[in-house]
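Per-entry structural report
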Amino acid sequence: MDAESHPFIAGLRRSLRSDHPADFLQHVSGLVAVTEPRPTLGSDAGPSVTLDQLVATFEGTDLAETTAALHVIAAFTDDELMAARIRRTTGSRPQPMPPWLTELGRARATRVLEMRHVQRDGENYVVEVDLAGGDVMCAVIYVDNNLGGVVKDAFMTPDGLEAYEQVVDLHAEPDTTLELVDPATARAIVEQAVKLGAMMLPPPESDTWPLVRPLVRWVARLLPAGGEVPAAKEWSDRELAELTEAFLSSPQGRPYDDEEHRSLLDDLLWFGVSQ
């Protein structure tokens, strides 16, 4: 079987010919993700294929699909030497590529929506990305606060923020807000959440996570730098006691004002303020 008809190349071809760049970016992100080590007890489990080996394979297979994948990997990697090596390879390739692919360095992400519930179990950060050539997409990144502020899931949508807002039914999500937030702060939160999640045992997994992790890291780097993760509020014993009494004296809390429920409430408050 020649390389062009190999199922691996055929899969790249299908996503490259998709109606939206998000499909190909997610596809290549998944390939890069499987080259990354996974945390295990005592050490990191090495990948079966390293990123260097994957790049070498693509460099040794001169096809439009591998050239396109190399463009994406050069954008995703933070290894400047590898990126320069890839650019030398792609610069010598004759295949024509769409502007959104050859000019990933011109991609911009400047607007971020935060979807937050009053209970603060977690937030969705929706980052809008403008690609060269006019295509727009959004990265939807869920940061789970109950797990300590880690990315638990993420996926891409082939639309901008306005389209995302139209499909979110806040009436079906009571006590939920959806508003623009500072992009630099969002970057700091997402980058820390990605880093912490990569160290968890077992790591969070979904149908798309951590396959889109390299793509999410790249999207985060498109946001302005300089932001800081908001410091968690430190509750004093007096504040916790006041909160306890406020709840137990309310119409909803009065039926639970006994020793057993007070003890349970103390445990719940401890867990809540420890996040």
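This text follows the structure it describes.
Every chain begins its residue count from 1, and numbering advances along the sequence as written. Residues qualify for local features only when their pLDDT is at least 70, as the model is predicted, and side-chain atom pairs are given and counted only at 80 or more; totals for whole chains, interfaces and linings, by contrast, use all residues. Derived side-chain values reflect all non-hydrogen atoms in the structure, with water molecules and hydrogen atoms excluded from consideration.

Notes on the packing of aromatic side chains
The criterion, for reference: Pairing of aromatic side chains requires ring centres within 6.5 Å, counting the rings of Phe and Tyr and the six-membered ring of Trp. Pairs whose planes differ by under 30 degrees are stacked, by over 60 edge-to-face, and all others tilted. Strands are runs of DSSP state E lasting at least 2 residues, helices are runs of H or I lasting at least 4, and numbering of each runs from the N terminus. For every residue, the accessible area obtained with a 1.4 Å probe (protein chains only) is divided by the maximum for its type, and the residue is called buried under 20%, exposed over 50%, and partly exposed between those limits.
Following the criterion strictly, the structure yields two aromatic pairs and no others. Judged by centre distance (5.9 Å) and plane angle (50°), the ring pair of Phe76 and Trp218 falls under tilted. Pair noted here: Phe76 is in helix α4 (residues 64–76) and Trp218 is in helix α9 (residues 213–222), with a separation of 142 residues, a long-range link. Overall, Phe76 belongs to the buried group, its relative accessible area being 6%.

Concerning the nonpolar core
Our working rule: Remark: nonpolar core denotes a set of buried residues (Ala, Val, Leu, Ile, Met, Phe, Trp, Tyr, Cys) joined through side-chain atoms within 4.5 Å. Whether two residues are in contact is decided by their heavy atoms: any pair within 4.5 Å suffices.
Counting residues in hydrophobic clusters, the biggest one holds 55 residues, and the most contacted among them are Phe24, Ile73, Leu104 and Trp218. No other element matches α4, which puts eight residues into this core. Those residues in contact with Trp218 that sit more than four places away from it in its chain are Ala75, Phe76, Leu104, Ala107, Leu131 and Met137. Of all hydrophobic cores here, the second largest spans nine residues; its members include Leu113, Met115, Val126 and Tyr164.

Digging into unusual backbone geometry
The step from Leu201 to Pro202 runs through a cis peptide bond, and the omega angle for that step is -10°. As for its position among the elements, Pro202 is in the loop between α8 (183–197) and α9. For the bond from Trp209 to Pro210, the omega torsion is 10°, close enough to zero to count as cis. Residue placement: Pro210 occurs in the loop between α8 and α9. Even without being a glycine, Arg120 presents a positive backbone phi close to 60°. Locating Arg120 in the fold gives a position in the loop between β3 (108–117) and β4 (122–130).

Description of the environment of Pro174
Structurally, Pro174 can be placed in the loop between α7 (161–167) and β7 (176–181). In this structure the C-alpha to C-alpha distance between Pro174 and Val151, which are 23 residues apart in sequence, comes to 23 Å.

Re α9
Counted residue by residue, α9 has eight buried out of ten residues, so it is predominantly covered. Of all the residues in α9, the buried ones are Arg213, Pro214, Leu215, Val216, Trp218, Val219, Ala220 and Leu222.

Topic: the sheet that holds strand β5 (residues 136–144)
Each strand in a sheet pairs with another by means of backbone hydrogen bonds, the pair being arranged parallel or else antiparallel. Counted only if it meets this: When DSSP finds two or more bridges between two strands, those strands count as paired. All axes are obtained by fitting lines to C-alpha atoms, using only the stretch in contact for helices, and the reported angles, taken between N-to-C directions, cover 0 to 180 degrees.
Strand order across the open sheet formed by five strands is β6-β5-β4-β3-β7, with antiparallel pairing between neighbours. At either end of the open sheet lies a strand with only one pairing partner, and these are β6 (150–157) and β7. If you compare each strand with its neighbour and ignore which way they point, the axes differ by 20° on average. Inspection of the sheet shows β5 paired to β6 by seven bridges, in the antiparallel sense. When the bridges of β6 are listed, Asp144 appears paired with Val150. Against the sheet, α8 touches β3, β4, β5, β6 and β7, its axis set at about 115° to β6.

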